[in-house]
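Architecture and fold: a report
In case you want the letters, here they are:
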Amino acid sequence: MTTTLRPESPESPAPGGGRTRRWQICANGRPVGALRTSATPRGDRCWGNISELEIWEGRGRGRGTVGALAAEEVLRGWDCERVDAVIPETATAALRLAEALGYRERMRNMAKALGAGPEPVLPPGVTARPIDAERYPAWLDEARAGYVRDLRASGLSERQARAKSDADHLHLLPQGAATPGVALRWLHGPDGAVLGSLWLALRERDLPDGRPLAWVMTVEVAPGLRGRGHGRTLMLLAERECLAVGVRDLGLNVFTENRVAIGLYTSLGYRITNRVLGKQLI
């Protein structure tokens, strides 16, 4: 029996200047499943993604494996040097398949429904202030450098990490500190010293039922002040900012190697929704 990919729809543009296409997985010409391939420019190459993989006939016969491998070939043809797969936490079979194909978990998505408990309150004397245009360049330099370190720890090369960091910040903050729908905040202690910073997208996307989902882009505690609870305070600030504009769902990414952050988010009631696994293609 021959398993192949066949286009289900025309190729279309993807956010960030990329491309995407949905495919049928066919056994002897008959559709038995489907998947989507996407590519996003990162520097002088592209970053691939496989999503929406499903097999509705003949599970357990290797059709998902063949479909995923064929999708990797499509992405190589699109000049992608890496591929990611975003897999729901409940899709245990898909997680096993990805691991068998050499994918390594590098990041997790976590989320929390807000508003069920008391309103978040910052510690006495602690205040939040906007990151203004004057101080934005210094904050951006630190945010880029921190993102590069996290990406390198997750398995990317130095060049890949810098290309992704530059592209992501340019795409997500096109107007700098004045970018609409973004909250950029410094956290100050009672003595006025900067304890850390927060970058929050107040409507990163909508959930299937139409509710807005905010997203924590970065939480950064000032060097030398870590381990004192300021990360927890920054997360409470993020939740307070969401509730102030009527947003009651908050998500975030956390790199798998960052066990301290995972422990913090779990203690605050965040739960894993997806796992992001990836590998080199070229």
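For the structure, check the block above.
Small disclaimer: the values here were computed from a predicted structure and weren't measured. (Residues numbered from 1 in each chain as written. Predicted model: local features only at pLDDT ≥ 70, side-chain atom pairs only at ≥ 80, totals over all residues. Heavy atoms only, no water.)

All told, the structure shown has 22 salt bridges when counted by the stated rule. Between K279 and E72 there is a salt bridge, with its nearest N and O atoms 3.1 Å apart. Residue K279 is located in strand β13 (residues 271–280), and its partner E72 is located in helix α1 (residues 63–77); the two are separated by 207 residues in the primary sequence. Both residues of the pair, K279 and E72, belong to the buried class. (Salt bridge = Lys/Arg side-chain N within 4 Å of Asp/Glu carboxyl O. Helix = DSSP H or I, 4+ residues; strand = E, 2+ residues; numbered from the N terminus. Buried < 20%, exposed > 50% of the residue type's maximum accessible area, 1.4 Å probe, protein only.)

Before going further, it helps to spend a moment on the nonpolar core. Counting residues in hydrophobic clusters, the biggest one holds 30 residues, and the most contacted among them are L200, V216, M235, L250, L252, Y265 and Y270. Mapped onto this core, the elements with two or more residues apiece are β9 (182–188), β10 (194–206), β11 (212–221), α5 (230–244), β12 (249–255) and α6 (259–267). Counting residues in each nonpolar core, the second largest holds 25 residues, with A39, V74, W78 and C80 among its members. (Core = buried A, V, L, I, M, F, W, Y, C linked by side-chain atoms within 4.5 Å.)

Each pair of packed helices can be summarised by the angle the axes make with each other and by the distance between the axes. Look at helix α3 (residues 136–153) against helix α4 (residues 158–172): their axes get within 9 Å of each other, and the N-to-C directions meet at 135°. Taken together, the axis directions place α3 and α4 in an arrangement best described as oblique. Both α3 and α4 take part in a crossing whose hand is right-handed. Residues L140, A143, R144, Y147, V148, L151 and R152 of α3 touch α4, and the partners they reach there are E158, A161, R162, K164, S165, D166, D168 and H169. Tallied by class, residues from the contact of α3 with α4 come to six nonpolar, two polar and seven charged. (Axes fitted to C-alpha atoms, helices over the stretch in contact; angles between N-to-C directions. Parallel < 35°, antiparallel > 145°, perpendicular 65-115°, else oblique. Left-handed = near helix turned anticlockwise from the far one by under 90°. Contact = heavy atoms within 4.5 Å. Nonpolar A, V, L, I, M, F, W, Y, C, P; charged D, E, K, R; others polar.)

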